[in-house]
Each structure stands twice: as structure tokens, then as C-alpha cells.
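# Coordinate inspection notes
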Amino acid sequence: MFRNNGGGFVVAEFAIALPLLILLMYSLATVSVKIFSLGKGQLADYVLEAEAQYVMERITNIARTAREVEVLSGGKVKFVYHVVKDKNFSESTTLNGYRVFINNDVLETQYFMLYTKSGRSAPNLYAKRQNDGRYNNPMTGDNYFGDTKVNYLKCDVDEAKKILHVSLEMESLVTERKIKLNTAVYMPSYKAGG
């Protein structure tokens, strides 16, 4: 009769396959860690670019309607700018059978300021309506996907030409890459001397 005595052959296969399997698992783990690291770096750089663009957009939009710009010490800039607020009259107030809305041109104040919270080594940029010493919601930094810091925010007003020069440099705390943006904004409503 026929006998199958393959017990030793299975042990030999296992002895060869186990190191190959361990090598394959190690290689997959190494590749996965490398992909995760690259992805984290790319995401951190994207956050850096997005935050820098958002800050510049916000400052230029406010500067376009600014009546006053005051560059304060310690990385603070104060804008007084025009905004439109709707004043809604009651239902009974009508004009020729239509409900009346009145747009009021009012002045708002906005501060952009650098501040380093306790527990952080790098400053964030805050936009606030009042210069009251409370810092709750940063515009930059404290992002789960890639923390950033503001190296500087510089503003310079050319009063004669009504132009605001803005220079911003930010850095990723994850990849240590920097981005620097510069722009000039014409301020048609600006009044020299406030």
C-alpha cells in the first residue's frame, strides 16, 4: 500500500516560509509608516498654505474698505472699516405696500494681533473686534492636521497713495517649511491721520 510520510517536508516548508512572511510583514509596515509620514507632511504643508491665504484674504478684504489703519506695537494692526447693516423696520412700516429695509453704513473695528498662548512656543494670529486681552479663537495654528506659527505680520501704510503694504511669513511646525506672502492694497476710503 501507499504511505504518505510528508511530516518532515511540512516543517521544512514552514522553516523557509516563516522568515519570508516576517520579512514581507516588516516591509509592508515600513512602507505604510513611510506613506503615512509623507501624507502627514503634505497635509501639514497644505494647512500652512491655506491658513496663510486665508489671513491675507481677510486682511485685504477689510483693508479695501478701511477708513483708518493703525499699526500698533507687538504685531497688532487696527482697522476701522465700512460695513453695511440692515435695519429692518416692523411689519407695519411699509412704503407703497412694500416692506422697508434701510441699509446703514456703519464703521466696525477689527484688530489683527499675534499672541502666544500659555503652553505654546509659537504665536498664533487672532482677529478680534476688541483689544480686551482675551484670546479665544486663533485664525492660525492649533490645527489637528498641521500646526503652524506666524513668524511675522508687518503692515505699512503709504498715506499719500492710500496703499497698505502687508507682509506675512508663516511656518509649519510639522515640516518646518515657510511661506511668505506680500501684497499691496489700495484703500479708497482711507483718511490720513484717522
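Residues numbered from 1 in each chain as written. Predicted model: local features only at pLDDT ≥ 70, side-chain atom pairs only at ≥ 80, totals over all residues. Heavy atoms only, no water.

### Considerations on the sheet that holds strand S7 (residues 148–158)
What counts, and what does not: We treat two strands as partners when DSSP finds at least two bridges between them. In this description a helix means any DSSP run of H or I spanning at least four residues, a strand means any run of E spanning at least two, and both kinds are numbered starting from the N terminus. A fitted line through C-alpha atoms serves as each axis, taken over the contacting stretch for helices, and the angle formed by two N-to-C directions is quoted from 0 to 180°.
Across the sheet, three strands lie side by side as S7-S8-S9; this open sheet has antiparallel pairing. The open sheet is flanked by S7 and strand S9 (178–186), the only strands paired with a single partner. Within this sheet the neighbouring strands show an average axis-to-axis angle of 10 degrees, counted without direction. By the bridge criterion, ten bridges tie S7 to strand S8 (residues 163–172) in an arrangement that is antiparallel. Within S8, the residue paired with valine 157 across the bridge is leucine 164.

### Some thoughts on the pattern of salt bridges
Oppositely charged side chains are able to pair whenever their charged atoms sit close together. Worth spelling out the cut-off: The salt bridge definition used is simple: a Lys or Arg side-chain nitrogen within 4 Å of an Asp or Glu carboxyl oxygen. Residue exposure (1.4 Å probe, protein chains only): buried if accessible area is under 20% of the type maximum, exposed if over 50%, otherwise partly exposed.
Scanning all chains against the criterion turns up six salt bridges. The shortest N-O distance in the salt bridge between arginine 177 and aspartate 45 comes to 2.2 Å. Of the two residues, arginine 177 sits in the loop between S8 and S9 while aspartate 45 sits in helix H1 (residues 7–64), which places them 132 residues apart along the sequence. A residue is classified by how much of its surface remains accessible, and aspartate 45, at 13% relative accessible area, is buried. In this structure, glutamate 171 engages lysine 149 in a salt bridge whose closest nitrogen and oxygen atoms are separated by 3.8 Å. Note that glutamate 171 is positioned in strand S8 and lysine 149 in strand S7, a separation of 22 residues in sequence. Glutamate 171 sits in the buried class, given a relative accessible area of 12%. What emerges from the salt-bridge pattern is a single network uniting Lys128, Asp132 and Arg134.

### Some thoughts on the packing of aromatic side chains
Applied cut-off: Paired rings are identified among Phe, Tyr and Trp, the last through its six-membered ring, by centres lying within 6.5 Å, and are further divided according to the angle between planes into stacked (under 30 degrees), edge-to-face (over 60) and tilted (the rest). Criterion for a charge above a ring: Arg CZ or Lys NZ at most 6 Å from the ring centre, at most 35 degrees from the ring normal.
Scanning all chains against the criterion turns up five aromatic pairs. Both rings, one in tyrosine 115 and one in tyrosine 126, keep their centres 6.1 Å apart while their planes meet at 70 degrees; by these two values the pair is edge-to-face. Residue tyrosine 115 is located in strand S5 (residues 101–115), and its partner tyrosine 126 is located in strand S6 (residues 124–128); the two are separated by eleven residues in the primary sequence. With 3.7 Å between their ring centres and 10 degrees between their planes, tyrosine 115 and tyrosine 135 make a pair best called stacked. Taken as a pair, tyrosine 115 in strand S5 and tyrosine 135 in the loop between S6 and S7 lie far apart in primary sequence, 20 residues in all. Of the aromatic side chains, those joined through ring pairs into one cluster are Tyr115, Tyr126 and Tyr135. Between the NZ or CZ atom of lysine 154 and the centre of the ring of tyrosine 152, over which it lies, the distance is 4.5 Å.

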